[in-house]
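A look at the structure
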Amino acid sequence: MTKSEVGSDSRATGGGRACANCGYEPMESFCPRCGQSDRHYARSLGSVVLEFLREMFELDSRLFRTLKLLFFRPGSLTREFSRNRRVSFVSPVRLYIFASFVFFLLLSLFGNLGEAFVRGMADEDLADAADEVRVNVVTQPSDSLAQLPTEERLAAFKASLPPEQRRKADDILRRPEDSLGRRALLAVAQSGGAAETNWIGRFFLLSGIDIAHDPSVIPRRLLANMPIAMFCLLPFLGLILAVFNLRKKRFYVEHLVFAIHIQTFTFLVYAIALLLPDEGLGGLIRAGCLLVPYPYFVIALRRYYENGWLLTVVKSVAMYVLYSMALLPASILSIFVTG
């Protein structure tokens, strides 16, 4: 019997503890030699799953302590981090991942975003809703729309497309002549098409064909890509906070943690709103949930950066505008990114 086998037997029989991986003893919570934990996973599936969830989301007193500060004392959780009091709370990144996972899961299940968007973005409905734009296009066409592409040019355009987009382009071209999607596709074919564009133009062209063919891809891509887009914008929000609070002489990571906590609170509040009914008291609370992130942001700024109320409000408005200027193109870009 090897030394590691002896270690395994000793755990089973309640004898002296030895590391099951390398046989080193005495074994503590973690092996001093190889670093393996003393946990044993050869047990019931239920207990393993519960331990996995506990480790992944830290579902213990730290989570409730963290949420209490996050919800009821804006800015205090970041202040505890700056004071290096971290062991009693869930780490900012893990808390953010937990909150974004919950929010986007509930949004995909209960948000009804896709159904509403498809109803509003169907090609026929879009044409009816944009009568003025359509009339202008028909009565005052641009050069590319006034001159339809020749059969040879249209065939060359379709030949430059991948097979899937070529099939979708054929479907779009079979639509009525006043269809916006059809007219836009003919304009692209007349202006040069996929063969004459760089990789960026081709990227948007192929995604645009997907969207024109089936507008329901818009909410699906938003749901799939917005968590990544918003996570990538966190450093930008941290930079905004750092620039507006240069005189506070804080490290950038402190501003970044503040941004993470603000975004986490927003995700959790919006997740609560998704679970509430649309009518009655639930509708009123839902409306309040949608409005509360901004006053929360102001209070958190005031408590963490310790500026006066007037200066805090002015800074918060400026920061919201700058962040929105980055969030809008990120949202649009996420529509064009395929999964």
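Everything discussed here concerns the structure shown above.
Throughout what follows, the structure given in this document is the object of discussion. (Residues numbered from 1 in each chain as written. Predicted model: local features only at pLDDT ≥ 70, side-chain atom pairs only at ≥ 80, totals over all residues. Heavy atoms only, no water.)

1. What about the state of the cysteines?
Counted by the stated rule, this structure contains zero disulfides. With no disulfide partner, Cys 31 has as its closest neighbouring cysteine sulfur the one in Cys 22, 3.6 Å distant. (Disulfide = S-S within 2.5 Å.)

2. Quick notes on helix α5 (residues 92-110)
Residue pairs spaced three or four apart in an α-helix point in one direction, given the helix's 3.6 residues per turn. Helix length check: α5 (19 residues) gives 26 Å between terminal C-alpha atoms against 27 Å at 1.5 Å per residue, within 8%. Among the residues of α5, Pro 92, Leu 95, Tyr 96, Phe 98, Ala 99, Ser 100, Phe 103, Phe 104, Leu 106 and Leu 107 are the ones counted as buried. (Helix = DSSP H or I, 4+ residues; strand = E, 2+ residues; numbered from the N terminus. Expected span 1.5 Å × (residues − 1). Buried < 20%, exposed > 50% of the residue type's maximum accessible area, 1.4 Å probe, protein only.)

3. Let's talk about the environment of Pro 74
Tracing the backbone shows Pro 74 in the loop between α3 (61-72) and α4 (76-82). The spacing of Pro 74 and Tyr 296 is 222 residues in sequence and 6.4 Å in space, taken between C-alpha atoms. Not counting chain neighbours up to four residues away, the residues in contact with Pro 74 comprise Leu 69, Tyr 296, Ile 299, Ala 300 and Arg 303. (Contact = heavy atoms within 4.5 Å.)

4. Quick look at the pattern of salt bridges
Per the counting criterion, the structure on display carries six salt bridges. Taking the shortest distance from any N to any O, the salt bridge between Arg 83 and Glu 80 comes out at 3.6 Å. We note a salt bridge from Asp 171 to Arg 174, for which the minimum N-O separation is 2.3 Å. The exposed category is assigned to Arg 174, whose relative accessible area is 61%. In this structure, a network of salt bridges that share partners links the residues Glu 164, Arg 167, Asp 171 and Arg 174. (Salt bridge = Lys/Arg side-chain N within 4 Å of Asp/Glu carboxyl O.)

5. A short note on the packing of aromatic side chains
Counted according to the given criterion, the structure contains 15 aromatic pairs. With centroids separated by 6.4 Å and ring planes inclined at 50°, the aromatic side chains of Phe 258 and Phe 297 adopt a geometry described as tilted. Within this pair, whereas Phe 258 is found in helix α15 (residues 252-275), its partner Phe 297 is found in helix α17 (residues 293-305), the two being separated by 39 residues in sequence. A relative accessible area of 3% means that Phe 297 is categorised as buried. With 5.4 Å between their ring centres and 45° between their planes, Phe 297 and Tyr 320 make a pair best called tilted. On the criterion of sequence distance, the pair formed by Phe 297 in helix α17 and Tyr 320 in helix α18 (residues 309-336) is long-range, its members being 23 residues apart. The class for Tyr 320 is partly exposed, based on a relative accessible area of 34%. Cluster of aromatic residues (ring-pair linked, three or more members): Tyr 96, Phe 103, Phe 104, Phe 231, Phe 267 and Tyr 270. The ring of Tyr 304 carries the charged tip of Arg 250 above its face, separated from the ring centre by 4.1 Å. (Phe/Tyr/Trp six-rings, centres within 6.5 Å; stacked < 30°, edge-to-face > 60°. Lys NZ or Arg CZ within 6 Å of the ring centre and 35° of its normal.)

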